[in-house]
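Examining the three-dimensional arrangement
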Amino acid sequence: MPAPHNSFKHAIANGELQIGCWMGLADPYIAEISAGAGFDWLLIDGEHAPNDLRSIVAQLQVLAARDSHAVVRPPIGETWIIKQLLDAGAQTLLVPMVESAAQAQDLVDAVTYPPHGVRGVGSALARASDFSGIGDYLTTARNEICLLAQVENQKGMSELDRILEVDGIDGVFIGPSDLAADMGFIGQAGAAEVQAAVLGAMEKIVASGKAAGILTLDKDLQNDCREIGATFIATEIDVTLFARNMRSASNEARQNLQGE
Ligand SMILES: O=C(O)C(=O)C[C@H](O)[C@@H](O)CO
């Protein structure tokens, strides 16, 4: 019995659009609600949300029963964290702040078992192997792991061509917020200079044959990226959706009842 099929990995490899949503509320109960919304993928954010290994596992368990694919973002692309997340059952990782081909290669090694990589062998204990229930996990896991690199500063953008040459990286995600900050436009991801850099990077990624991805709430940028050939596009963030609607509801109630 092989490792579970990673439909997301194969969809983006085939150029199929996968629409996603960022999950920063860091709670399995809320993840279960999001999983019923119809997104193709949901990002469990271990970088900017109050997630830890336990909360990530709980959200993986909830999503396993639903159609939305779980993409996990570690706080940093270190081997020990990647090992834990893969053993916990994550099959798709989005690793932040990738700045060089050497770093990208280290990430490929971290998701690959020896002799071709350095992923530690602990599948006997791992949720990933269904606690040893998947007999062929060790020999089939790598084929179903999707490794996505985030390029989101000027150093990474200058190294993008070499990062795209690294075998084993399935896709590259451009992070507009961090890129804008590093370009001197902090809080202005919509600045013309930033958008031009993002779209130029999208074209390079698609031309390389790898999958291109982004998170943007800007519908025009979403469409521009899709027209270039981007496939994994996150269009919403649960935190902002919830906070915006809560504030709106509060204001409407006060206007309704107090005429304010
Ligand atoms: O730089 C970016 O943009 C991202 O990587 C996404 C952000 O981290 C996310 O928190 C939304 O701002």
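Rules and cut-offs
- Residues numbered from 1 in each chain as written.
- Predicted model: local features only at pLDDT ≥ 70, side-chain atom pairs only at ≥ 80, totals over all residues.
- Heavy atoms only, no water.
- Helix = DSSP H or I, 4+ residues; strand = E, 2+ residues; numbered from the N terminus.
- Rg over C-alpha atoms; globule rule 2.2 N^0.38 Å.
- Contact = heavy atoms within 4.5 Å.
- UniProt positions renumbered as here; feature names shortened; annotations may be inferred.
- Core = buried A, V, L, I, M, F, W, Y, C linked by side-chain atoms within 4.5 Å.
- Buried < 20%, exposed > 50% of the residue type's maximum accessible area, 1.4 Å probe, protein only.
- Phe/Tyr/Trp six-rings, centres within 6.5 Å; stacked < 30°, edge-to-face > 60°.
- Salt bridge = Lys/Arg side-chain N within 4 Å of Asp/Glu carboxyl O.
- Pairing = 2+ DSSP bridges.
- Right-handed = clockwise from strand over helix to strand, strands pointing away.
- Near = heavy atom within 4 Å.
- Polar contact = N/O pair within 3.5 Å; in protein donor to acceptor, adjacent residues only side chain to side chain.
- Areas by Shrake-Rupley, 256 points an atom, 1.4 Å probe, with all protein chains shown as cover.
- 1 Å grid on protein atoms, 1.4 Å probe; cavity = no way out; pocket = protein on both sides within 12 Å on 5 of 7 lines; lining within 4 Å.
- Sits in = over half its atoms within 2 Å of the grid points.
- Nonpolar A, V, L, I, M, F, W, Y, C, P; charged D, E, K, R; others polar.

1. A closer look at the overall build of the protein chain
When helices and strands are counted, the protein chain shows 12 helices and 8 strands. Relative to its length of 260 residues, the protein chain is compact, with a C-alpha radius of gyration of 19 Å against a globular reference of 18 Å. Dimensions along the principal axes, computed over C-alpha positions, put the protein chain at roughly 70 × 40 × 30 Å. If you take every contact in the protein chain between residues at least 6 apart in sequence, the share linking residues at least 24 apart comes to 62%.

2. Things to note about the UniProt feature "domain: HpcH/HpaI aldolase/citrate lyase" (unreviewed entry) in the protein chain
The UniProt feature table records "domain: HpcH/HpaI aldolase/citrate lyase" (unreviewed entry) at residues 18-243. In residues 18-243, helix accounts for 41% and strand for 18%; the two terminal C-alpha atoms are 25 Å from one another.

3. Some words on the nonpolar core
Generally speaking, a soluble globular protein has its nonpolar side chains buried in company with each other. Leu-93, Val-172 and Ile-174 are the most contacted members of the largest nonpolar core, which totals 53 residues. Among the elements that line this core, the one with the most residues is helix H10 (residues 192-208), at 5 residues. Setting aside anything within four residues of it in sequence, one finds Ile-174 in contact with Val-151, Met-157, Leu-179, Val-198, Ala-201, Met-202, Ile-205, Gly-213, Ile-214 and Leu-215. The next biggest cluster of nonpolar side chains, apart from the first, holds 15 residues, and it includes Leu-148, Phe-173, Ala-234 and Ile-237.

4. Notes on the packing of aromatic side chains
By the definition in use, this model includes 6 aromatic pairs. Ring geometry for Phe-8 versus Phe-232: centroids 6.2 Å apart, planes at 75°, classification edge-to-face. Placement of the pair is Phe-8 in helix H1 (residues 7-13) and Phe-232 in strand E8 (residues 232-237), with a sequence separation of 224 residues. Taken individually, Phe-8 and Phe-232 each receive the classification buried, so the pair is uniform in this respect. Feature note: the residues Phe-8, Trp-22, Trp-41, Phe-173 and Phe-232 constitute an aromatic cluster, connected by ring pairs.

5. Notes on the pattern of salt bridges
Per the stated rule, a full pass over the model turns up 7 salt bridges. Two residues, Glu-99 and Lys-155, come together in a salt bridge whose shortest N-O distance is 3.9 Å. Of this pair, Glu-99 sits in the loop between strand E4 (92-95) and helix H5 (101-110) while Lys-155 sits in helix H7 (residues 154-158), placing them 56 residues apart in sequence. For Glu-99, a relative accessible area of 23% corresponds to the partly exposed category. A single salt-bridge network, built from bridges that share partners, covers Asp-45, Glu-47 and Arg-73.

6. Focus on the pairing of strand E3 (residues 69-73)
Regular strands place their side chains on alternate faces of the sheet. Here E3 lies mainly inside the structure; 5 of its 5 residues are buried. The alternating pattern of E3 places His-69, Val-71 and Arg-73 and Ala-70 and Val-72 on opposite faces, both of which are buried. As judged from the 5 bridges shared by strand E2 (residues 41-45) and E3, these two strands associate in the parallel manner. Bridging across to E3, Leu-42 finds its partner in Ala-70. In this fold, the crossover linking E2 to E3 by way of helix H3 (residues 53-64) has right-handed handedness.

7. Let's talk about the site of the ligand
Surrounding the ligand, one finds Trp-22, His-48, Arg-73, Gln-150, Glu-152, Gly-175, Pro-176, Ser-177, Asp-178, Leu-215 and Ile-237. In this structure, Gln-150 approaches the ligand through a side-chain N or O atom, which is 2.9 Å from an oxygen atom. A distance of 3.1 Å separates an oxygen atom of the ligand from a polar side-chain atom of Glu-152. Bound to the protein, the ligand loses 84% of the 320 Å² it would expose on its own. One can see that the ligand is located within the second largest pocket. Counting residues per element, the shell around the ligand draws most heavily on helix H9 (residues 176-182), which supplies 3 residues. In terms of residue class, the shell around the ligand is made up of 4 nonpolar, 4 polar and 3 charged.

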